[in-house]
Every structure is written in structure tokens, then in C-alpha cells.
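Listed below, chain by chain, are the residues.
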Amino acid sequence: MSTTVSQLDKVKTGPWNGGKSPWNLEYGKIMMWFFLVGDAFTFSAFLVYYGAQRFSHPTWPDPDKIFQSIPGIADHGQPLVFVGLMTFILIMSSVTMVLAVEAGHRNQKNEVVKWMLWTILGGICFVGCQAIEWTHLHHMGFWFGKNPATGLEGDAIKTALLPYFTHDISYTSALQFANLFFTITGFHGFHVTVGIILNIIILFMTLNNTFENRGSYLMIEKVGLYWHFVDLVWVFVFTFFYLI
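Remember, predicted model here, so these are calculated numbers, not experimental data. (Residues numbered from 1 in each chain as written. Predicted model: local features only at pLDDT ≥ 70, side-chain atom pairs only at ≥ 80, totals over all residues. Heavy atoms only, no water.)

### Remarks on the packing of aromatic side chains
Then step 1. As enumerated under the stated definition, the model contains 28 aromatic pairs in all.
Then step 2. With centroids separated by 6.4 Å and ring planes inclined at 80°, the aromatic side chains of Trp60 and Phe177 adopt a geometry described as edge-to-face. Taken together, the positions of Trp60 in the loop between helix 2 (27-56) and helix 3 (63-66) and Phe177 in helix 7 (residues 171-207) put the pair 117 residues apart, joining distant regions of the chain.
Then step 3. Residue Phe177 is classed as buried on the basis of its relative accessible area of 3%.
Then step 4. Note on Phe238 and Tyr242: the rings are 5.6 Å apart at their centroids and 25° apart in plane angle, and the pair reads as stacked. Remark: Tyr242 and Phe238 occur in helix 9 (residues 218-243); sequence separation between them is four residues, near one turn of the helix. (Phe/Tyr/Trp six-rings, centres within 6.5 Å; stacked < 30°, edge-to-face > 60°. Helix = DSSP H or I, 4+ residues; strand = E, 2+ residues; numbered from the N terminus. Buried < 20%, exposed > 50% of the residue type's maximum accessible area, 1.4 Å probe, protein only.)

Structure below.
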């Protein structure tokens, strides 16, 4: 049998052969990416619908007037301060997740445990703040299928909704805002809650030396992808509901 190497074979094994295949990844990591892409379409559909409703109405509730309180501290005059704190907490939890993944790459169990605890705490604080905000808005009269003017008639509707509008007042716009706000932020809050549960499971697996016995902390990286996705989605939710 001839052992002569053809010129074509030399090209295939040369430095320009294409390098490492982009699909040369662990199966679970690829599946996580597929899930996140699908989930991104779901959130995109929600936000596109919100945008369509927001700009198809001649008037819309002013977020600076709705979200101007710090529950338990100030009832008004502090626009977006509380949600700004929530956003900061969630972003910092993403930073601690990055540090946990990096520690896993170095097989530093104690550091992984430390940063996972901070990540879990950040997630719990965010969901807790969101629950407080929901409760406050519910006391104001906003809820699924309800706004502060629900059940009122005539001029009482205008009086009830006047504090939340900058220009013209619309009962329908206020109702749509309430429905979409609680639906979309609730859907995101559900994702954060699932992420907290996953992080707690990962924490216990770390404490039980599961990843040390496997010789790899790749599972933390996969859960980290989900957590970063949840944080990224919040940036868009924050922009649509609180800033625009």
C-alpha cells in the first residue's frame, strides 16, 4: 500500500484547515443554548406586543408617575429608585455567577460555594423586591384586569387615573398597562425563581463534592448561561416598562 501523502491531504491537515469545530461542545451546553434561543423568542413576542399596544394608543400611563415610590419609605417623589435598586441587585448577581464559573474552571470548591451563595442571595432579594412592588401596585389599584378606576363611572374615572397620566387619560390604556406589566414581569419573575432553585441544587451538588468527583464544574457554566439570560431579559423589560 502506498504511503505517499497527496497535495490535497497536505492542505487538509495544514494550518488553514478550519480549526476547532464550533459544534465540538458538550451536549447539555448545546441544548441549553437551544432552550435559551427559544425562550428569547417568547420574551420577544411579549415585548413586541407590549410595544404595539404602547404606540397604538394616543396616550399611555407615565412610568415616572406610577413607579415613583419606595415601598415602606416614600410614597412618591422617588421615580424609578426602587426598580433601579432591583436592577442593580440582579446585575450584581450575574457578576457573582461569572466568578462562580471562573472558580469552577480552577476547581476551587470553596470559592464556588461562596459565589453561588451570593448569587442565590441576589436572586432572592430581586424576587422579594418584585413581590413588594407588586403588592404596592395592587394596593394602588393595578392588577390583572383592573386599574384604579375599575368599577367607577363618569368623572370619577378621570379623577382616579389622573395621577398616572401626563397627557390625556385613557381607561383602556391603564387596563392594558396593568395586564401586560403583571404578565411580563411575572413571567420573568418565574424564570428568576427557577434560576434560584437551580442554583440551590448546584450549591448542594458542590457541597457534596459531586463536581469534584466528576472532575469538572461544567454544570455550573450551563446554569450560568441561564442566569445571564434572565439578567439580559430584565434589561429589556426594564427599558420597555420603566423608561419608555
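Still more to cover.
### Some thoughts on the nonpolar core
Across soluble globular proteins, nonpolar side chains have a tendency to be buried as a group.
Then step 1. Counting residues in hydrophobic clusters, the biggest one holds 60 residues, and the most contacted among them are Phe177, Phe181, Trp234, Phe241 and Tyr242.
Then step 2. Here the element with the most residues in this core is helix 9; it accounts for 13 residues.
Then step 3. Aside from chain neighbours lying at most four places away, what touches Phe177 is Tyr50, Trp60, Pro61, Ile66, Phe67, Phe142 and Phe241. (Core = buried A, V, L, I, M, F, W, Y, C linked by side-chain atoms within 4.5 Å. Contact = heavy atoms within 4.5 Å.)

### Side note on the UniProt feature "transmembrane region" (unreviewed entry) in the chain
Then step 1. UniProt tags residues 30-52, 80-103, 115-134, 180-204 and 225-243 as "transmembrane region" (unreviewed entry).
Then step 2. End-to-end, the C-alpha atoms of residues 80-103 are 35 Å apart, and along that stretch the chain is 96% helix and 0% strand.
Then step 3. Its end C-alpha atoms 29 Å apart, residues 115-134 is made of 100% helix and 0% strand. (UniProt positions renumbered as here; feature names shortened; annotations may be inferred.)

### Some words on the layout of surface pockets
Then step 1. The calculated volume of the largest pocket comes to roughly 160 Å³.
Then step 2. Forming the walls of the largest pocket are Arg54, Pro58, Thr59, Trp60, Pro61, Asp62, Pro63, Thr166, His167, Asp168 and Ile244. (1 Å grid on protein atoms, 1.4 Å probe; cavity = no way out; pocket = protein on both sides within 12 Å on 5 of 7 lines; lining within 4 Å. Points joined across faces, edges and corners; volume = space filled by probe spheres on them.)

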